[in-house]
Amino acid sequence: MPSFEDARRIILDSVSPLGVERVELLESQGRVIAEDVVAPWNMPFCDNSAMDGYAVRACDCAALPAILRIIGYIPAGADITGPVEPGCAIRIMTGAPIPPGCDAVVPVEETDDGRESVTINAPVTLRQHIRFTGEDVPAGETIITAGTLIRPQEISMLASFAKVFVPVYRQARVAILSTGDELTELGEPLAHGKIVNSNALSLAAAVKEIGAIPVILGIARDNHESHREKMAEGLKADALITSAGVSAGDRDLVREVLTELGMTQVFWRVDIKPGGPTAFGLYENKPVFCLPGNPVSTMVTFEEFARPALLKMMGHKRVIKPLIKAVLQNSASKKPGKINFLRVKLVSSEGRYLAYSSGDQNTGILKTMLMADAMAVLPANRTTFSAGEEVDVHILSGNVGMLEE
Ligand code: AMP
Ligand code: MG
């Protein structure tokens, strides 16, 4: 039985980025760029004004007040004009090209804002308020490297260089299969003794959240034929996630049928709680995650194992959530031997996080998962934890640390 770290390492080592596609710029948001991008030209393209004011020759303004004759006006977007002779100035707007002959811009606030002539009242230094050609990005510089996540700021840079299409890693199509005779699809009448197939929805939500595409396959009933049919479909996707049917019960058919269909089981059972019965396999180099059925276990094992692997498949380099320190506010105890993931609420206080147990940690209790902002990772070898000691936590998605208005 692998340890938690070994299991995650094994999974990450067995997946690699999917192919590349070109998408329209805005579609690339949240995706990972697959190639380096080099600046095709200088940015700025030419020397231009950083202020609304007057383009001048600094040497004309040595003695103040300086009075200069205005010979023109350059709004933003205009082409280069000039040249500007000694004793003259041009009215210029932010972003407009600096006319030949000028070597400084005087902000309108430091002048009398004249139209025929302008009086300069403040000292002028050479090159002031000019944005120089290529000062942001010189032509030929690598602006974005392969493997970068595309955020609004990357979009801004790519748009500035007129990139209409962007090469990004493909989104993983993730098949989601629930198993169990007790399950009823959401929206169907719920008979006594049945439960809603909520795992399909929580997994689909988690898959969507990382920018992958969920393909919900529905329910495989607890017989070989139903499993075979659904699983054959699921193995066509980039990854397959099953829930339930992976423990040691005689109706737990998931591993057996997947193996029949050609999956190689890489491991079964991990040294963690919740989520111990998790299995991982490969089918034609595609990952198959067999997650336990308990809704809490399903979500926790997705978070710990499937999430980083799917991110890697979509080209992400940062796939593992960092462990941060939080001060435990309750005592806690556990059995030795397994890492325990404790559901905790985080409160930020004086620059630190305080971690409060969200309540009953039983695997069957879903409610405390809703109240959790993070998972505290309690080490395998320890058994008791006291209030006031620091523990490692990793944050679940949401708005942890954000303040109310
Ligand atoms: P199993 O591994 O099949 O024994 O299932 C473990 C527990 O998870 C049982 O209580 C199931 O009813 C529950 N469970 C299994 N599949 C789902 C599902 N798709 N949605 C919600 N709960 C489930
Ligand atoms: Mg079952």
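Residues numbered from 1 in each chain as written. Chains lettered and ligands numbered in written order. Predicted model: local features only at pLDDT ≥ 70, side-chain atom pairs only at ≥ 80, totals over all residues. Heavy atoms only, no water.

Draft legend 1. The arrangement of the state of the cysteines in detail. What the rule picks out here adds up to 0 disulfides. Here Cys46 is not disulfide-linked; the sulfur of Cys102 is the nearest cysteine sulfur, at 13 Å. Cys88 supplies the cysteine sulfur nearest to Cys102, a cysteine that is in no disulfide, at a spacing of 9.2 Å. Exposure remark for Cys102: the relative accessible area of 11% places this residue in the buried category. (Disulfide = S-S within 2.5 Å. Buried < 20%, exposed > 50% of the residue type's maximum accessible area, 1.4 Å probe, protein only.)

Draft legend 2. Structural detail: the site of ligand 1. Surveying the vicinity of ligand 1 reveals 15 residues, the closest of which are Glu182, Asn197, Asn199, Gly293 and Asn294. Contacts to ligand 1 include Ser198, whose backbone N or O atom sits 3.2 Å from a nitrogen atom. At 3.2 Å, a backbone N or O of Asn199 approaches a nitrogen atom of ligand 1. Expressed as a share of its isolated accessible area of 490 Å², the protein-covered part of ligand 1 is 74%. Of all elements in the fold, only strand S12 (173-179), strand S14 (195-196) and helix H3 (198-209) reach the threshold of two or more residues within the shell around ligand 1. Across the shell around ligand 1, the residue classes tally to 5 nonpolar, 9 polar and 1 charged. (Near = heavy atom within 4 Å. Polar contact = N/O pair within 3.5 Å; in protein donor to acceptor, adjacent residues only side chain to side chain. Areas by Shrake-Rupley, 256 points an atom, 1.4 Å probe, with all protein chains shown as cover. Helix = DSSP H or I, 4+ residues; strand = E, 2+ residues; numbered from the N terminus. Nonpolar A, V, L, I, M, F, W, Y, C, P; charged D, E, K, R; others polar.)

Draft legend 3. Representation of the side chain of Thr179. Note on placement: Thr179 falls in strand S12. Engagement of the side chain of Thr179 in a polar contact is seen with the backbone oxygen of Ser243, the distance being 3.0 Å. Among the polar contacts listed, one links the side chain of Thr179 to the backbone oxygen of Ala244, at a separation of 3.3 Å. Leave out the neighbours within four places in its chain, and Thr179 touches Ala220, Asp222, His227, Ser243, Ala244, Gly245 and Val254. (Contact = heavy atoms within 4.5 Å.)

Draft legend 4. Spotlight on the pattern of salt bridges. Counting across every chain of the model gives 13 salt bridges. A salt bridge links Arg115 to Asp113, with the nearest nitrogen and oxygen atoms 3.1 Å apart. Judged by relative accessible area, which is 36%, Asp113 ranks as partly exposed. With a shortest N-O distance of 3.1 Å, Glu389 and Arg382 are connected by a salt bridge. Classification of Arg382 as partly exposed rests on a relative accessible area of 32%. Put simply, Asp181, Asp222 and Arg251 are held in one network by salt bridges that share partners. (Salt bridge = Lys/Arg side-chain N within 4 Å of Asp/Glu carboxyl O.)

Draft legend 5. Layout of the domain arrangement of the protein chain. Along its sequence, the protein chain is carved into domain 1 (4-17 + 171-313), domain 2 (20-43 + 146-169), domain 3 (48-131) and domain 4 (324-404). On a C-alpha basis, the centroid separation for the pair domain 1 and domain 4 is 26 Å. Together, the buried faces of domain 1 and domain 4 total about 1400 Å²; carbon and sulfur atoms form 62% of this surface. Ranking the residues of domain 1 by area buried against domain 4 places Asp271, Lys273 and Val296 at the top, with a combined share of 36%. For the pair domain 1 and domain 4, the interface holds 0 salt bridges. (Domains from an automatic or database assignment. Buried area = accessible area lost by both parts, 1.4 Å probe.)

Draft legend 6. Structural context of empty space enclosed by the protein. Under the definition given, this model contains 1 cavity of 30 Å³ or more. Empty space within the largest cavity amounts to approximately 30 Å³. Along the walls of the largest cavity sit Gly30, Arg31, Val32, Tyr169, Gln171, Ile210, Gly211, Met314 and His316, which together make up its complete lining. In terms of residue class, the lining of the largest cavity is built from 4 nonpolar, 4 polar and 1 charged. (1 Å grid on protein atoms, 1.4 Å probe; cavity = no way out; pocket = protein on both sides within 12 Å on 5 of 7 lines; lining within 4 Å. Points joined across faces, edges and corners; volume = space filled by probe spheres on them.)

Draft legend 7. Representation of helix H2 (residues 152-160) within the structure. Residues of H2 that are buried: Glu154, Ile155 and Leu158. What you see down the axis of H2 is that its buried residues fit within an arc of 105 degrees, all on one side. Buried positions along H2 lie against strand S2 (37-38), strand S10 (142-144) and strand S11 (165-169). Two residues or fewer past H2, Ala162 is found with a positive phi of approximately 60 degrees. (Arc of directions from axis to C-beta.)

Draft legend 8. Broad picture of the packing of aromatic side chains. All told, the structure shown has 5 aromatic pairs when counted by the stated rule. Ring plane angle 50 degrees and centroid distance 5.7 Å describe the contact between Trp41 and Phe161, whose orientation is recorded as tilted. Here Trp41 is found in the loop between S2 and strand S3 (48-49), whereas its partner Phe161 is found in the loop between H2 and S11, with 120 residues between them in sequence. Since its relative accessible area comes to 32%, Trp41 is described here as partly exposed. Feature note: the residues Phe4, Phe305 and Phe341 constitute an aromatic cluster, connected by ring pairs. (Phe/Tyr/Trp six-rings, centres within 6.5 Å; stacked < 30°, edge-to-face > 60°.)

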